[in-house]
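Examining the three-dimensional arrangement
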Amino acid sequence: MVPVGAYLALSAVLFGIGLIGFLGRRNIILMLVSVEIMLNAVNVSLAAFSHLMQDPRGQILALFVIAVAAAEVGVGLGLVIALSRNRPGASVEDLTQLKW
Amino acid sequence: MAISAGQLAFYYLAAASVASAILAVTRRNPVHSALWVLALFLHVAGIFLLVGAEFLAAVQVIVYAGAILVFYLFFLMLLDLPSEAAGPRFGAHWPLGAAAGLAFAAVAWYAHGAELAPTPALTAAEDPSAGTLAAVGMVLFTRFALPFEIASLILLAAIVGAVVVARKSES
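The present account deals with the structure reproduced in this document. What you see is a predicted model; the values in this text were computed from it and never measured.

This brings us to the overall build of chain A. From N to C terminus, chain A includes three helices and zero strands. When the helices and strands of chain A are listed from N to C terminus, the series reads α-α-α. For 100 residues, the compact-globule estimate of 2.2 N^0.38 gives 13 Å, and chain A exceeds it by more than 25% at 17 Å. Taken over the C-alpha atoms alone, chain A extends approximately 50 × 25 × 20 Å along its principal axes. Burial analysis of chain A (100 residues in total) assigns 64% to the buried set.

What follows is the structure, given as structure tokens:
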């Protein structure tokens, strides 16, 4: 069978890709999508550890991660709507009102 | 050494999820990105099945691929897309972001390689009910009952917060 290290390597690579997307993309919605990629990477390693240790707590934790991700999407996209009402477009480089 | 079906499935799912994640991060059209993320979510659900987390795989498909992704697509349709797709995809600082992501992946890869290389391979569970809905549900509603209720409170707060943030101000 596949060693648990392979699952963790996959998780690390997915998290790195999500981090690149979050730091690199300009579109605020795609930044939130990259956060979802990172949360999925964490869920993969939680599930792998849950299987390695024969303990359902890892899966419970992953369920809570999914619940918090759903909440994050709701609030984050609500903020995007509020932002785009003031200025159209979804590029983070236009949002410099707090910069001085 | 012959490659078993489990290994073959894992390597397919891992390669497909990494490829779809890279495509999701780099596509110019945000809708294409969202659809590649859908492919990523489905492959990650397959990986959950491989590690015996059937309930987690079902939740992944229903909540992530079903609800969250449709929400993202809805918002991508709602906002102005053609002007977004025309501009540059990445900000001016994207090499820094790429360096940070690659460095994190390398460090995490190295760390698990040092610590977890000699651990036994993932084998079939001795307790066949370890990942099933019944086992997860028993733990979730006994030992983790309080965090479960707090999660529902977080979702309620997120619903109210999203409505408050996104509504049109009266003044």
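Regarding its fold elements, chain B presents seven helices and zero strands. Sorting the 171 residues of chain B into buried and exposed places 37% on the buried side. Considering only contacts within chain B whose residues lie at least 6 apart along the sequence, 61% involve residues at least 24 apart. Carbon and sulfur atoms provide 75% of the accessible area of chain B, an area that totals close to 9,900 Å².

At 3.6 residues per turn, the α-helix brings residues three or four places apart onto the same side. Its 22 residues place the ends of helix α7 (residues 145-166) of chain B 32 Å apart at the C-alpha level, agreeing with the 32 Å of an ideal helix rising 1.5 Å per residue. If you check which residues of α7 of chain B are buried, you get A151, A158 and A162 of chain B. For α7 of chain B, the angular spread of buried residues about the axis comes to 25 degrees, placing them on one side. Exposed and facing more than 90 degrees away from the buried side of α7 of chain B are L146, L153 and V163 of chain B. Next to the buried residues of α7 of chain B lie α3 (57-86) of chain A.

All right, on to the pattern of salt bridges then. Residue and element names in this part refer to chain A. Taken as a whole and judged by the stated rule, the model has one salt bridge over all chains. With a closest N to O distance of 2.6 Å, D55 and R57 form a salt bridge. A relative accessible area of 22% means that D55 is categorised as partly exposed.

This paragraph deals with the nonpolar core. If you look at soluble globular proteins, the nonpolar side chains tend to sit buried side by side. Judged by nonpolar contacts, the single largest core of 65 residues is most densely connected at L10, L14, I29 and L77 of chain A together with F48, L56 and Y72 of chain B. For this core, the secondary structure elements donating two or more residues are α1 (4-24), α2 (28-52) and α3 of chain A together with α1 (5-26), α2 (30-50), α3 (54-78) and α6 (133-142) of chain B. Here this core gets 12 residues from one element, more than from any other, and that element is α3 of chain A. Residue contacts for F48 of chain B: discarding those within four places in its chain leaves N43, V44 and A47 of chain A together with A53, L56, A57 and Q60 of chain B.

Before going further, it helps to spend a moment on the interface of chain A and chain B. On the chain B side, the residues contacting the 69 residues of chain A number 84 residues. Buried area between chain A and chain B, summed over both chains or domains, comes out near 6,800 Å², and the portion from carbon and sulfur atoms is 77%. Our enumeration of links across chain A and chain B arrives at seven residue pairs in polar contact (both at pLDDT 80 or more). Sorting the residues of the side of chain A that touches chain B by element identifies α1, α2 and α3 of chain A as the ones contributing at least two each. In terms of residue count, the dominant contributor to the side of chain A that touches chain B is α3 of chain A (23 residues). Classifying every residue of the side of chain A that touches chain B by side-chain character gives 46 nonpolar, 16 polar and seven charged.

What counts as what
Residues numbered from 1 in each chain as written. Chains lettered and ligands numbered in written order. Predicted model: local features only at pLDDT ≥ 70, side-chain atom pairs only at ≥ 80, totals over all residues. Heavy atoms only, no water. Helix = DSSP H or I, 4+ residues; strand = E, 2+ residues; numbered from the N terminus. Rg over C-alpha atoms; globule rule 2.2 N^0.38 Å. Buried < 20%, exposed > 50% of the residue type's maximum accessible area, 1.4 Å probe, protein only. Contact = heavy atoms within 4.5 Å. Areas by Shrake-Rupley, 256 points an atom, 1.4 Å probe, with all protein chains shown as cover. Expected span 1.5 Å × (residues − 1). Arc of directions from axis to C-beta. Salt bridge = Lys/Arg side-chain N within 4 Å of Asp/Glu carboxyl O. Core = buried A, V, L, I, M, F, W, Y, C linked by side-chain atoms within 4.5 Å. Buried area = accessible area lost by both parts, 1.4 Å probe. Polar contact = N/O pair within 3.5 Å; in protein donor to acceptor, adjacent residues only side chain to side chain. Nonpolar A, V, L, I, M, F, W, Y, C, P; charged D, E, K, R; others polar.

Read these as layout, nothing more, since geometry by itself doesn't imply function.
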